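Structural description and commentary
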Amino acid sequence: MIKLTVNEKEYKVDVGPDVPLLWVIREYLKLTGTKYGCGLGLCGSCTVHIGGKAQRSCQIPVIEAVEKKITTIEGIPEDHPVKRAWNKEQVPQCGYCQPGQIMEAAALLAEKKNPTEEEIINHMSGNICRCGTYPRIRLAIKTAAEKGGKQ
Amino acid sequence: MSRTVTRREFLKKSLAGTGLTLAVAMTPFGHKIFALGESEKDIPFKPNVWLQIAPDNMITVYVNKSEMGQGIYTSLPMIVAEELDADWKQIRVKSAPARDEYKDPVWGSQGTGGSTSIRHMHETLQKAGAAAREMLVKAAAQMWKIEESDCETSSGKVRNNKNGRSLTYGVLSQKAAQMKVPQQPKLKSGQTKLIGTPVKRVDIPAKVNGSAVFGFDVQVQGMLYGTVERPSAYGAKAISYDEKSSLKIPGVRYVAPISRGICNDCY
C-alpha cells in the first residue's frame, strides 16, 4: 500500500512503486482533470504540484511522491487568481492542455509575483498547446499577476 | 420506423401514460434506456427536441454537436435564445443524446466538423426558438384575452401592451405546452439582440477547473488500455514478436499482431 496526500486528502493505493504518479491520480484516485499527453514529459499536460513545484506526473514514479504534498487542478481553489484569470480571458479552446498550463502558471506566480513577458515565455515554454492559445495564456498570467498583487 | 411520429405526438403519448415509451440515449457510460414520460414529466413545456422551458424559468437548450473548443455550446444556443427572445442568463446547455431527431439536417447523421455546425443548424434552431416563442405568446394572449399582436416579447417575458404587465416564460410554460406547435413559425427580421454581442463561452469553466470530461477521461468497469508498438519506419511490417516476454511485463494482459494501421482506407 502506498500512502499519498493529494489535494489535502489522504489516499492509500495498492500499486507498484514504479507506477507513474499520473496513472495513480487518474486511474486510482479518479482525478481526471490531470491529462495524459505524451507520456514522455515533453508536453506538460500532466503537470501537478509536488511540494509546491510544478512537475510532470507522467515521469514521477509514485514512490517518489510519498510523504509529499501533491496538488492537482482539482485542488486549486476556484477563486485562485490563475483560475479566475483563465475564465476572464477565456483562455481554453479545446481545453485538453489547460489543467497543465494552469498548474505551471500557478507555480510560476507562487515564485514570482510579477513575472516579465520573457520570464513568462521561458517558464511556460514546456507546456504545449495544440490549439495555439499561447497569447491568451500569457495575457491571463499577466491578469492573474495583477489580481494576485492587489490582494 | 414505419411511420413518422412527431416529437409532440411522442411526448403526448408518453406523458399520457398510455404505454411505456422508451428512449435511448448515449451517455459516456453506454446506452441508457429510460421512460421518457417519467424522466421529463416535470418539464411541462418541451415544444421540440431542441429546448425545454421549466416553471422555474430555466431554459435548457440541447446541442447536437460536439464542443471541440470552437464555441458551439455557446453559439448554437444563442441562435435559439435569439429567436425565443430569452434572456441569455436563463439558458442552460445540455449535450443532445444520440437520436434520429438530432441528426444534422444536411448530413443526415450526427457528426461535427468542417466548420459546418452553424451553417447546418442555423435554420433548424431559429425555427425551434421561434416556434416556442409563438406558443408562449399564444398562451399569454389567451390568458389575458387579448390579441397576439398586443403582446411583445423580450428577455424571457411576454408583455401585455394593453396594460404593461408581463409574465415570465416559466410561468407561461404550462399553458404554452397546450398550444399547437406551429410548423412554419415566423422568424425575426431586423436587428438581433443577442447575436453579435460578446458572450462568455459556456464550456470554459469546466475546462478551467478540470471537471470537463474528454473522451480519454471516460472510464468503464474492467476497461483496459490498448497501445500500439509502432515501426521505426513508414511502411515497415512486423516480422516477429516475443509474446511470452511481453506478457511478463506487469499489467500486460494480451499481445496481438496487427497487419496494418488502425484504418486501412482513410487518409
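Treat the numbers as computed from the prediction; the structure is a model and nothing was measured. For every chain, the first residue of the written sequence is number 1, and numbering continues from 1 onward in sequence order. Labels follow written order: the first chain is A, the first ligand is 1, and so on. With the structure being a predicted model, the display of local features is reserved for residues of pLDDT at least 70 and the display and counting of side-chain atom pairs for 80 or more, all residues being used for whole-chain, interface and lining totals. Think of the side-chain values as coming from all heavy atoms in the structure, minus any hydrogens and water.

**Quick word on the sheet that holds strand E1 (residues 2–6) of chain A**
Strands in a sheet are paired, the pairing made by backbone hydrogen bonds, and the direction either parallel or antiparallel. Residues and elements named next belong to chain A. Ordered by their spatial adjacency, five strands build an open sheet running E2-E1-E5-E3-E4, and the pairing between neighbours is mixed. The two strands at the open ends of the sheet, each matched to only one other strand, are strand E2 (9–13) and strand E4 (53–56). The sheet shows a mean angle of 40° between the axes of neighbouring strands, taken without regard to direction. Summarising the sheet, E1 and E2 pair through five bridges and their orientation is antiparallel. Looking across to E2, one finds that Val-6 is bridged to Lys-9. Packed onto the sheet, helix H1 (residues 21–28) meets E1, E2, strand E3 (47–50) and strand E5 (69–71) and runs at close to 105° relative to E3. By the convention used here, residues are in contact when the closest approach between their heavy atoms is within 4.5 Å. Angles run from 0 to 180 degrees between N-to-C directions of axes, and those axes are lines fitted to C-alpha atoms, restricted for helices to the stretch in contact. A run of H or I in DSSP becomes a helix once it reaches four residues, and a run of E becomes a strand once it reaches two; helices and strands are each numbered from the N terminus. Contacts from helix H3 (residues 98–111) reach E3, E4 and E5, with the element oriented near 40° to E3. Strand pairing is assigned whenever DSSP detects at least two bridges linking the two strands.

**Describing the sheet that holds strand E5 (residues 59–63) of chain B**
Residues and elements named next belong to chain B. Spatially, the four strands line up as an open sheet ordered E3-E4-E5-E6, and their pairing is mixed. Only two strands of the sheet have a single partner each, and these edge strands are strand E3 (45–48) and strand E6 (91–95). The mean angle between the axes of side-by-side strands here comes to 20°, regardless of whether they run parallel or antiparallel. Across three bridges, strand E4 (residues 51–53) lies against E5 in antiparallel orientation. Considered in E5, the bridge of Ile-53 is made with Ile-59. Of the strands in this sheet, E3 and E4 are in contact with helix H4 (residues 117–144), which crosses E3 at around 130°.

**Regarding the interface of chain A and chain B**
Counting residues at the interface gives 25 residues for chain A and 18 residues for chain B. Joining two parts hides part of their accessible area as seen by a 1.4 Å probe, and the buried area is that hidden amount summed over both. When chain A packs against chain B, close to 1800 Å² is buried across both sides, 50% of that on carbon and sulfur atoms. One side-chain nitrogen of Lys or Arg within 4 Å of one carboxyl oxygen of Asp or Glu is enough to make a salt bridge. For the interface between chain A and chain B, the tally reads two salt bridges. Contacts described as polar in this section are N or O atom pairs within 3.5 Å, which, within protein, must combine one atom able to donate a hydrogen with one able to accept it, while residues neighboring in sequence count only if both atoms come from side chains. The interface formed by chain A and chain B holds twelve residue pairs in polar contact (both at pLDDT 80 or more) in total. Of all the secondary structure elements, the ones that give two or more residues to the side of chain A that touches chain B are H1, helix H2 (81–88) and H3 of chain A. A total of four residues in the side of chain A that touches chain B trace back to one element, the largest contributor, which is H2 of chain A. Of the residues belonging to the side of chain A that touches chain B, the class tally is ten nonpolar, seven polar and eight charged. Residues are sorted three ways: Asp, Glu, Lys and Arg are charged, Ala, Val, Leu, Ile, Met, Phe, Trp, Tyr, Cys and Pro are nonpolar, and all the rest, Gly among them, are polar.

**Remarks on the domain arrangement of chain B**
The figure often quoted for interface size is the accessible area lost as the parts come together. Here chain B is partitioned into domain 1 (7–39), domain 2 (45–187) and domain 3 (220–266). Taken over C-alpha atoms, the centre of domain 2 of chain B sits 49 Å from the centre of domain 3 of chain B. Domain delimitation follows an automatic or database domain assignment.

**Concerning the pairing of E1 of chain A**
Residues and elements named next belong to chain A. Remark: exposure states derive from per-residue accessible area (1.4 Å probe, protein chains only) relative to the maximum for the residue type, with buried under 20%, exposed over 50%, and partly exposed in between. Alternating residues of E1 divide into Ile-2, Leu-4 and Val-6, all buried, and Lys-3 and Thr-5, none buried. What sits between the antiparallel neighbours E1 and E2 is a turn of two residues, in which Asn-7 has the positive phi angle 50°. Taken together, the two bridges between E1 and E5 define a ladder with parallel strand orientation. Its bridge partner lying in E5, Val-6 is registered against Ile-70.

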